[in-house]
Protein chains: 4
Amino acid sequence: MAGSTYGTIFRITTWGESHGPGVGVVIDGCPAGLPLDESMIQKDLDKRRPGQSKYTTARREGDQVEILSGIFEGKTTGTPISLLVRNQDQRSRDYGNIAELYRPGHADITFDAKYGFRDYRGGGRSSGRETIGRVAAGAVARKLLETFGITVTAYTRSIGPVWIEDQKADFSRIDESPLRMPDAEAEQRALAYLDTCMKSLDSSGGTVDCMVQGLPAGLGEPVFDKLDARLAQAVMSIGAVKAVEIGDGTKVAASKGSLNNDCYKTDSDGIPYKASNHSGGILGGISDGSPLLLRASFKPTASIAQTQSMLGRDGKCHEESIHGRHDPIIVPRAVVVVEAMTALTIADLLLVNAASRVENLKKIYAADRT
Amino acid sequence: MAGSTYGTIFRITTWGESHGPGVGVVIDGCPAGLPLDESMIQKDLDKRRPGQSKYTTARREGDQVEILSGIFEGKTTGTPISLLVRNQDQRSRDYGNIAELYRPGHADITFDAKYGFRDYRGGGRSSGRETIGRVAAGAVARKLLETFGITVTAYTRSIGPVWIEDQKADFSRIDESPLRMPDAEAEQRALAYLDTCMKSLDSSGGTVDCMVQGLPAGLGEPVFDKLDARLAQAVMSIGAVKAVEIGDGTKVAASKGSLNNDCYKTDSDGIPYKASNHSGGILGGISDGSPLLLRASFKPTASIAQTQSMLGRDGKCHEESIHGRHDPIIVPRAVVVVEAMTALTIADLLLVNAASRVENLKKIYAADRT
Amino acid sequence: MAGSTYGTIFRITTWGESHGPGVGVVIDGCPAGLPLDESMIQKDLDKRRPGQSKYTTARREGDQVEILSGIFEGKTTGTPISLLVRNQDQRSRDYGNIAELYRPGHADITFDAKYGFRDYRGGGRSSGRETIGRVAAGAVARKLLETFGITVTAYTRSIGPVWIEDQKADFSRIDESPLRMPDAEAEQRALAYLDTCMKSLDSSGGTVDCMVQGLPAGLGEPVFDKLDARLAQAVMSIGAVKAVEIGDGTKVAASKGSLNNDCYKTDSDGIPYKASNHSGGILGGISDGSPLLLRASFKPTASIAQTQSMLGRDGKCHEESIHGRHDPIIVPRAVVVVEAMTALTIADLLLVNAASRVENLKKIYAADRT
Amino acid sequence: MAGSTYGTIFRITTWGESHGPGVGVVIDGCPAGLPLDESMIQKDLDKRRPGQSKYTTARREGDQVEILSGIFEGKTTGTPISLLVRNQDQRSRDYGNIAELYRPGHADITFDAKYGFRDYRGGGRSSGRETIGRVAAGAVARKLLETFGITVTAYTRSIGPVWIEDQKADFSRIDESPLRMPDAEAEQRALAYLDTCMKSLDSSGGTVDCMVQGLPAGLGEPVFDKLDARLAQAVMSIGAVKAVEIGDGTKVAASKGSLNNDCYKTDSDGIPYKASNHSGGILGGISDGSPLLLRASFKPTASIAQTQSMLGRDGKCHEESIHGRHDPIIVPRAVVVVEAMTALTIADLLLVNAASRVENLKKIYAADRT
């Protein structure tokens, strides 16, 4: 249980380091009969690929995925889907000077504490390349969800001090935006802010919002596998995430019951509708059928070119700077990772929920028996 | 996998509804040889017991725990520890008028959607009484952690608009404070605020902070069972929690790398020390040996006596108010629940980490073999 | 993971020692909407209850089950079902003389080796009373399976040298038979054999056969959760079982492919049928729709009144005899335990299989969405 | 949970079909600091490789393993170890004539029943090539066990009617024997028997015995993760295994307590020793420190060249024969698979047991804290 497996029925296991032969994932439990090919997965991988703009690392990786198993004649067979992405551009010499140092904000010190030593080339397992397996598996989960009319959409909500506002959001521009911001005006300000950060050899944090639409009511298992609890684990497990919020998130603490409760009203046709969505689509850990809303706060990229005071393996402080290629902000590339973790969680709970009622099972087994 | 089990090695399974015969928990995987008796568990249960002040529900429950298994001659045997608390004060008649209504902010509608029907007496499984099993098991986990010098302390950070400040916190008064606030002056303002809420038949949200001290470095399993990811699941699984933050939490999004990285400095004796703790004691999902800091945001109690517009099982809107006994704020009683979920998570990852190195295993098996 | 939990979706956790306050089980993941009351569970518990004849221990236990949660208005709610059986007749004084000895064939020595000490009163957790939780949960699983036309029937196949033959089996007499043998003539010989064993202060082994009828094809998950693999774990986990066989079992090793393959023939109406069932209803770890057949071999009761040479905690050999009340054969009471473990395994794999195809899921979620 | 994952702490996930790009395994939870390279794994893979003699399939596969992650500077890092073996010789045209037929004794019919269709090229996921992942992972587990002085040795006990006897066994010749039989004389008879089978276009079954030496007492988790229960699952999950026996196995059913109990005697120096090992080294599901003994019964190879009456996807019977390259007996190549599954099970339970006592944990965490 070294923690590289996620999910109960739709279950993924990721593997790989930044400077080994490759990274990948095995998906076990994907239902049979889902149309799937490499291009569907590649599309999501391309969204997290480095080198897309000057705001992402200049490391050049094609990140081409190869399907090694689990597909036959264009459809999933129900058996494990193994996905492989070879590492190509492994300039491990860049990291030589920090093999004996613990980079601030990185997992160097904790991996050493846990395992006694570590693969110090570019973060090893704690590198951002680890998310390739998540994104590749997430693309499969997303494809499965689409079969049931469920869509998962994330975007950059803020970069440093620059926030977008709901009323200005144009979700159609997310994919074409270098910062994945659905607000062109805010994006200009964010770009200016990032330029400032880069000039001062610094980095910025930001937030990602994710919404799920078309979600059926009833997903999530009380008590510990609640939909929000599982999403919190899934999203917090992404490197650099320090907060996960559902619906109104931290704002609820200062609110009152009369304001925070989502009441129902009757529309002009006399049909009741949920008049607000403070809960973010989840009640008691179970989806209520309205849009699911979550937010993740990302810390600034830990690798900055400024000289920092670092602890060394020798037990002494060292004034050093970190070379190598690093994003001044990881949020734009992390958007698709948030989508992936959300899609994986919902796919898993969708399958788990299939067995929640005798009535559901009768639909399956009655048909099989006659 | 209806979700009532939590943990990999130190694993708990809770059960019970608010108006059935009782609630309880089975702890499987607690190591043998831990001194334990009912009084140690009762102490934590008493902290979440209702009827402690006018700010907590008037429901009278002794909530006396009975140990049904797993203890012999005052010590854990390594076999499952089954803990039972009988329900006593089950005035289910109070809930009769809402059997056909979906209370706003409650899980009524989602349980019906998931299972086709529900135990409508007082929330059933989604009642706050469900946390009794968590707290009882958490007391055992806490006892285990104390063996290794690890302490878990939570307290009320805010109630509505009233926040305590770090410099004014006096942690020695937490247990005696009716609101579990370590700041007497802030508590007075919070009490006044709650009186206002109660007069307007309303309720308040709040936040709970939790810190873990004495934690060894190395706990947490990359990639999906990171310490922060597992804590996020554990704490978000508590009813009414809508946000979980680690260290600086949501603040990191507006920060810069040069500010957010925790650097090391050298003290007057030339010994390096971590000069800040923005990370909250976790790097790459693994503890770094400094204090662990997390925060949970609780929504206001959903049950308020105001008339609200509720959806009914008949598909129509109804103007109704909710009778029964409810806390105007759940935060003070939830403090020990946050401690419990934190302790359970750390206990589990402490046991899991025992197998992380060949060197660790040699300490155990070498001794056994000679 | 002290091993007291079994199952992925239909998941049970048992607890309790022979001489503590009680024993029990929590069932998590039973689908909502299954009619259930205590009498259905009690019926199976009565089959394993001691004191039924002179061939079972004279220990008097009512073994009355109490449902503590998970049922509302006569049906399962989808939440955990907690079942409790209080221990009544705990004559722990009988065991005093062996507190310092390791009884041959018992787990005394291994529990001490594992945990450093043990509850020495009557076997503690390794007592046969541990199976009460299995049988109680098994009764619920069996009730679920009956909803889909699946029945699980076990019986005594052999006692010592006495075997029943297929052609003489009358399954209608299993429940009324003190030895659970479906062959009255063989039973007479078995009873005579047991009388001989008892006179010589000895005990006998035996075998239990179990068949499952009405099983849909498709249950079992390749590769490690194959139906036969999971059944092997489930049945081998019963104390005293030393062998598990599927279909022709050990006989296949001496067979040839041309004899062992189950071919299809055409009946007089031109309809194909499976002309033999050497495989016991499982191919590639997945049910094929024909009857499932398994066999468990039980060792003789380890507790015998003869003087035996036992190792003591003092590291020396001691010539001692074991007092107390013990069955000269455990097979008749174990029959319902084999049924329980089989039913639990099939119920779990039935629920897991619900998510095996996109087509299955469409039956559930399509209906929910319109 | 499509069942391709095995283990709680030392956890493997296998993937791959016989005629896809390759097969492989991800090992998660292998402790850090274990020396490992490809040659150690290749050694075991070579034992199951086809084409070793005329008694194994003529299919030519190099089966070269590539380590994709988890190793740094010759040692395991504690992160997932991904192992890949490319498929080379995929003559899928051989299988074309049976795409529409269900081969007797194969999983063709059950995969179709479960998933709606299947990869019909050579068995797909149910092919014997699936065991490559098991063997590769088993080699890592075996290496870990050797660190603690634990060895796992399996061999062919019988082929058809030919059994070896204990007193004639020469374990030093297992690896050089084409049939993995530790008895040269019996092997000659077995070879003659196999020649007969091959001439009649038939196949033979057989048995594999496995012994584990140097095992510490205390491994195995009551109740459902008993050492024997987990071994039963592990070994029964190997294709073609129809029975698993521990110690005396099925023989115990006809035995008596006075014969089956393993008593202790005193040797000439006054030191007690276990005078017999009917239990096969396991009591109450926990190892007792004596050699662990298990046996697996394999059915005859299902693919035979004789004409057989097969059911077709068209619902009719067909008289057909199966072309392709098949072993007349799979036992010799399965010997290393039994070793692998045994080693994987013991490695996992060794790691799980590390957390069984507070005393064990103090050895690890006390040292870390001072």
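1. A closer look at the relation of the copies chain B and chain A
- When chain B is brought onto chain A, the operation consists of a screw motion whose angular component is 180 degrees and whose axial shift is 0.0 Å, with 0.0 Å RMSD remaining. Such a turn and shift between the copies fits a two-fold axis. Residues of chain B ranked by C-alpha distance from the rotation axis are headed by B:Q233, positioned 2.3 Å from it.
- Comparing interface residues between copies, 100% of those in chain B also sit at the interface in chain A, which points to an isologous, same-surface contact.

2. Comments concerning unusual backbone geometry
Residue and element names in this part refer to chain A.
- Between P222 and the following residue, V223, the backbone shows a cis peptide bond with an omega angle of 15 degrees.
- For D63, which is not glycine, the phi torsion reads 50 degrees and is therefore positive.
- Turning to its location among the elements, D63 is positioned in the loop between α1 (38–48) and β4 (65–67).
- Look at D63 and you get buried, because its relative accessible area is 1%.

3. Let's talk about the interface of chain B and chain A
- Taken together, the contact pairs 103 residues of chain B with 103 residues of chain A.
- Taken together, the two surfaces of chain B and chain A that pack against each other cover about 7,700 Å², and 60% of this comes from carbon and sulfur.
- Across the contact surface, chain B and chain A share two salt bridges.
- The partner of B:E221 in a salt bridge is A:K114, and the shortest N-O contact between them spans 2.7 Å.
- The element that contributes the greatest number of residues to the side of chain B that touches chain A is helix α2 (residues 108–115) of chain B, accounting for seven residues.

4. Regarding the sheet that holds strand β8 (residues 101–102) of chain B
Residue and element names in this part refer to chain B.
- One open sheet accounts for three strands, arranged β8-β18-β19; its pairing is antiparallel. Looking along the sheet, the strands with just one partner apiece sit at the ends: β8 and β19 (317–320).
- Judged from the four bridges that link them, strand β18 (residues 308–312) and β19 form a sheet pairing that is antiparallel. Across the sheet, the residue bridging to S309 is E319, located in β19.

5. Topic: the confidence of the model for chain A
- Scored by pLDDT, chain A comes out at a mean of 93, with 93% of its residues at no less than 70.
- Per the prediction output, this complex has pTM 0.97; the corresponding ipTM is 0.96.

6. Points about the relation of the copies chain A and chain D
- If you rotate chain A by 180 degrees and push it 0.0 Å along the axis, it lands on chain D with an RMSD of 0.0 Å.
- Interface overlap between copies: 100% of the residues of chain A at the interface are likewise at the interface in chain D, consistent with a symmetric, same-surface contact.

7. Some remarks on the interface of chain A and chain D
- Facing 45 residues of chain A, the contacting portion of chain D comprises 45 residues.
- Across the chain A to chain D interface the summed buried area is about 3,500 Å²; carbon plus sulfur atoms make up 62%.
- Linking chain A with chain D are two salt bridges.
- One salt bridge connects A:E66 with D:R86, and the closest N-O pair in it is separated by 2.8 Å.
- Where chain A packs against chain D, one counts twelve residue pairs in polar contact (both at pLDDT 80 or more).
- Of all the elements in the fold, those that place two or more residues in the side of chain A that touches chain D are β2 (11–16), β3 (22–28), β4, β6 (75–76), β7 (81–86) and α2 (108–115) of chain A.
- For the side of chain A that touches chain D, the class distribution of residues is 17 nonpolar, 17 polar and eleven charged.

8. Notes on the side chain of D:S69
- Examined against the element boundaries, D:S69 turns out to sit in the loop between β4 (65–67) and β5 (71–72).
- In terms of polar contacts, D:S69 uses its side chain to reach the backbone amide nitrogen of D:S82, at 3.1 Å.
- With sequence-adjacent residues up to four places away left out, D:S69 is seen in contact with A:W15, A:G16, A:E17, D:P80, D:I81 and D:S82.

9. Notes on the pairing of strand β12 (residues 241–246) of chain D
- With six of six residues buried, β12(D) lies mostly within the body of the structure.
- Note: strand β12 (residues 241–246) of chain C against β12(D), three bridges, orientation antiparallel. Each bridged residue has a counterpart across the sheet, and for C:E245 the counterpart in β12(D) is D:A243.
- Two strands pair when backbone bridges link them, and β12(D) and strand β17 (residues 292–298) of chain D are joined in this way by five bridges, in the antiparallel orientation. Looking at the pairing, D:A243 lines up with D:S297 of β17(D).

10. Some thoughts on the packing of aromatic side chains
- The final tally for this structure, using the stated rule, is 20 aromatic pairs over all chains.
- Aromatic pair B:Y155 and B:F171: ring centres 4.9 Å apart, planes at 45 degrees, arrangement tilted. Of this pair, B:Y155 sits in strand β9 (residues 151–159) while B:F171 sits in the loop between β10 (162–163) and α4 (184–199), and the two are 16 residues apart along the sequence.
- What makes B:Y155 buried here is its relative accessible area of 5%.
- Classification of B:F171 as partly exposed rests on a relative accessible area of 35%.
- In this arrangement the basic side chain of A:K75 is found over the ring face of D:F117, its NZ or CZ atom lying 4.8 Å from the centre.

11. Thoughts on α1(A)
- Every buried residue of α1(A) is listed here: A:I41, A:Q42, A:D44, A:L45, A:K47 and A:R48.
- Its buried side turned inward, α1(A) meets β4, β7, α3 (131–147) and α7 (331–353) of chain A.

12. Digging into the packing of helix α5 (residues 227–236) of chain C against helix α7 (residues 331–353) of chain C
Residue and element names in this part refer to chain C.
- Where α5 meets α7, the axes come as close as 9 Å, and the angle between the chain directions of the two elements is 145 degrees. Crossing of α5 against α7: the hand is right-handed. In this structure, α5 contributes L227, R230, L231, A234 and V235 to the contact, and α7 contributes M341, T342, T345, I346, D348 and L349.
- Of the residues in the contact of α5 with α7, the class split is seven nonpolar, two polar and two charged.

13. Digging into the environment of C:K168
Residue and element names in this part refer to chain C.
- Looking at the element boundaries, K168 is found in the loop between β10 (162–163) and α4 (184–199).
- Given a relative accessible area of 44%, K168 falls into the partly exposed group.
- Residues K168 and A186 lie 18 residues apart in sequence; the distance between their C-alpha atoms is 9.2 Å.
- Once residues lying within four places of it in the same chain are set aside, the contact partners of K168 are P182, D183 and E185.

14. Considerations on the sheet that holds strand β4 (residues 65–67) of chain C
Residues and elements named next belong to chain C.
- Within the open sheet, the five strands sit side by side as β1-β2-β3-β7-β4. Their pairing is antiparallel. Only two strands of the sheet have a single partner each, and these edge strands are β1 (5–6) and β4.
- Examined bridge by bridge, β4 and strand β7 (residues 81–86) share three bridges and lie antiparallel to one another. Within β7, the residue paired with V65 across the bridge is V85.
- Helix α1 (residues 38–48) contacts β4 and β7 of the sheet and is inclined by roughly 150 degrees relative to β4.
- Packing against the sheet, helix α3 (residues 131–147) makes contact with β2 (11–16), β3 (22–28) and β7, and its axis sits at approximately 35 degrees to β3.

15. A word on the pairing of strand β3 (residues 22–28) of chain D
All names here are of chain D.
- The buried fraction of β3 amounts to seven of the seven residues, a majority that puts the element mostly inside the structure.
- For strand β2 (residues 11–16) and β3, the ladder comprises six bridges, and the chain directions are antiparallel. If you follow I12 over to β3, its bridge partner there is I27.
- What sits between β2 and β3 in their antiparallel hairpin is a turn of five residues.
- The pairing of β3 with strand β7 (residues 81–86) spans six bridges and is antiparallel. The partner of G22 across the bridge, within β7, is R86.

16. Let's talk about the pattern of salt bridges
- Counted under the stated rule, the structure contains 100 salt bridges over all chains.
- Between C:E187 and C:R173 there is a salt bridge whose closest N-O contact spans 3.0 Å. On the criterion of sequence distance, the pair formed by C:E187 in helix α4 and C:R173 in the loop between β10 and α4 is long-range, its members being 14 residues apart.
- Among the residues examined, C:E187 registers a relative accessible area of 2% and is labelled buried.
- Residue C:R173 is classed as buried on the basis of its relative accessible area of 16%.
- The closest approach of N and O atoms between D:E185 and D:R189, which form a salt bridge, is 2.8 Å. Linking D:E185 with D:R189, this pair stays in helix α4 (residues 184–199), spanning four residues, or about one helical turn.

Calculation notes
Residues numbered from 1 in each chain as written. Chains lettered and ligands numbered in written order. Predicted model: local features only at pLDDT ≥ 70, side-chain atom pairs only at ≥ 80, totals over all residues. Heavy atoms only, no water. Least-squares fit on C-alpha atoms with pLDDT ≥ 70 in both. Contact = heavy atoms within 4.5 Å. Helix = DSSP H or I, 4+ residues; strand = E, 2+ residues; numbered from the N terminus. Buried < 20%, exposed > 50% of the residue type's maximum accessible area, 1.4 Å probe, protein only. Buried area = accessible area lost by both parts, 1.4 Å probe. Salt bridge = Lys/Arg side-chain N within 4 Å of Asp/Glu carboxyl O. Pairing = 2+ DSSP bridges. pLDDT = per-residue confidence, 0-100. Polar contact = N/O pair within 3.5 Å; in protein donor to acceptor, adjacent residues only side chain to side chain. Nonpolar A, V, L, I, M, F, W, Y, C, P; charged D, E, K, R; others polar. Phe/Tyr/Trp six-rings, centres within 6.5 Å; stacked < 30°, edge-to-face > 60°. Lys NZ or Arg CZ within 6 Å of the ring centre and 35° of its normal. Axes fitted to C-alpha atoms, helices over the stretch in contact; angles between N-to-C directions. Left-handed = near helix turned anticlockwise from the far one by under 90°.

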